[in-house]
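Secondary and tertiary structure notes
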Amino acid sequence: MKIVFATNNPHKLEEIRKITDGTIEILSLSDIGCHEEIPETGATLEANALIKAQFVKERYGYDCFADDTGLEVDALGGAPGVYSSRYAGEACNPQENMDKLLRELNGKSDRSARFRTVIALLLDGETLFFEGEVAGRIIEERRGEAGFGYDPVFVPDGYNQTFAELGNDEKNRISHRAIATRKVVEFLLSV
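Parameters and conventions
- Here the residue numbers are simple positions, counted from 1 along each chain's written sequence.
- Note on the predicted model: pLDDT of at least 70 is required for a residue's local features to be given, and 80 or more for side-chain atom pairs to be given and counted; whole-chain, interface and lining totals, by contrast, use all residues.
- Side-chain descriptors were evaluated using all non-hydrogen atoms of the structure, hydrogens and water having been removed beforehand.
- In this text, helices come from DSSP runs of H or I with a minimum length of four residues, and strands from runs of E with a minimum of two, each type numbered from the N-terminal end.
- Residues adjacent in sequence count toward polar contacts only when both atoms are side-chain atoms; beyond that, a polar contact is any pair of N or O atoms within 3.5 Å, and within protein one must be able to donate a hydrogen and the other to accept it.
- For this analysis, residues touch if any pair of their heavy atoms sits within 4.5 Å.
- UniProt positions are given in the numbering used here, feature names are shortened, and annotations may be inferred rather than shown by experiment.
- For every residue, the accessible area obtained with a 1.4 Å probe (protein chains only) is divided by the maximum for its type, and the residue is called buried under 20%, exposed over 50%, and partly exposed between those limits.
- Paired strands, as defined in this entry, are two strands with at least two bridges between them according to DSSP.
- Confidence scores here are pLDDT values: one per residue, from the predictor, ranging 0 to 100.
- Pairs were defined over the aromatic rings of Phe, Tyr and Trp, the Trp ring being its six-membered one, requiring ring centres within 6.5 Å. Orientation was assigned from the angle between planes: stacked under 30 degrees, edge-to-face over 60, tilted for the rest.

Under an unreviewed UniProt entry, the protein has the name dITP/XTP pyrophosphatase and belongs to Petrimonas mucosa.

This is how it looks when you write it as structure tokens:
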């Protein structure tokens with residue numbers, strides 16, 4: 001089976017391909033000739049995932065899936081949430097996002113957080129949603145070199161290492177995206 005993953009993020013693409021481990025052939029946007037930046041104008045993770053999937057389906061005709069992921073921090077009322085990738089501004093980078101997050105949490109004792117991924121799947125005229133979540137906490141300084149985004153400051157529950165210290169193999173086994181992706185793969189292999 002082949003399906004398009006509607007992302008321009010090479011880290012997400014590599015992660016999804018490792019998680020699916022050859023059970024499904026994952027095509028990238030560049031594989032189908034889509035080099036446009038798909039706008040994320042939704043107010044929720046579900047809305048953004050659906051916007052991206054519909055963009056590909058409407059313009060290129062492929063069944064596809066798209067995800068949106070957010071880091072939700074309890075002490076910040078769920079922020080950065082849907083704005084996780086642009087928390088420090090539209091043209092920011094992951095380091096600036098982490099800097100802002102750590103500044104906002106400075107002096108706060110409640111550092112509990114969760115990563116949440118929502119995947120929208122458009123298949124055979126149907127729209128389905130799959131979700132994955134991993135609870136944890138935000139530490140006070142960056143640790144580790146693997147992963148991307150907020151991985152150096154997020155320690156999942158039951159671990160003493162950040163996602164960036166755990167390495168990609170372990171992260172891909174337990175992550176929010178892995179949980180949501182496994183649900184998608186199980187569904188696709190059952191149809």
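There is more to say, and it comes next.
Some words on the side chain of R116
With respect to the element layout, R116 can be found in strand 5 (residues 112-123). A polar atom in the side chain of R116 sits 3.0 Å from the side chain of E72. Apart from the residues lying within four places of it in its own chain, the contact partners of R116 are L45, E46, D68, T69, G70, E72, E131, G132, E133 and H176.

Looking at the UniProt feature "binding site: Mg(2+)" (unreviewed entry) in the protein
Per the UniProt entry, the sites bearing "binding site: Mg(2+)" (unreviewed entry) are D68 in this numbering. With respect to the helices, strands and loops of the structure, D68 is situated in strand 3 (residues 64-73). In this view, D68 contacts E40, T44, L45, N48, A49, K52, V82, R116, T117 and V118; residues no more than four positions away in its chain are not counted. Polar side-chain contacts of D68 include one of 3.0 Å to the side chain of N48.

Points about the UniProt feature "active site" (unreviewed entry) in the protein
UniProt records the feature "active site" (unreviewed entry) at D68, using the numbering of this structure. A residue is classified by how much of its surface remains accessible, and D68, at 4% relative accessible area, is buried.

A closer look at the pairing of strand 5
Within strand 5, eleven of the twelve residues are buried, which leaves it mostly tucked inside the rest of the structure. Inspection of the sheet shows strand 3 paired to strand 5 by ten bridges, in the antiparallel sense. Directly across from D68, in strand 5, lies its bridge partner V118. Relative to strand 6 (residues 126-138), strand 5 is paired through twelve bridges, and the arrangement is antiparallel. Looking at the pairing, R114 lines up with A135 of strand 6. The turn joining strand 5 and strand 6, which pair antiparallel and follow one another in sequence, is formed by two residues; a positive phi near 50 degrees is taken by D124.

Regarding the pairing of strand 6
Relative to strand 7 (residues 154-156), strand 6 runs antiparallel, the two sharing three bridges. The residue of strand 7 that forms the bridge with G136 is P156.

Quick notes on the side chain of S175
Along the polypeptide, S175 turns up in the loop between helix 5 (168-174) and helix 6 (176-190). Leaving out residues up to four positions away in the same chain, S175 has contacts with E15, V134 and F163.

As for the confidence of the model for the protein
Chain-level statistics for the protein give a pLDDT mean of 93 and a share of 100% at 70 or above. Helix 1 (residues 10-20) is the least confidently modelled element of the protein, averaging 82 in pLDDT, while strand 7 averages 98, the highest of any element.

Examining the packing of aromatic side chains
Taken as a whole and judged by the stated rule, the model has five aromatic pairs. Plain terms: the ring middles of F5 and F65 are 4.8 Å apart, the flat faces sit at 15 degrees to each other, and that makes the pair stacked. Here F5 is found in strand 1 (residues 2-5), whereas its partner F65 is found in strand 3, with 60 residues between them in sequence. Accessibility assignment for this pair places F5 and F65 in one class, buried.

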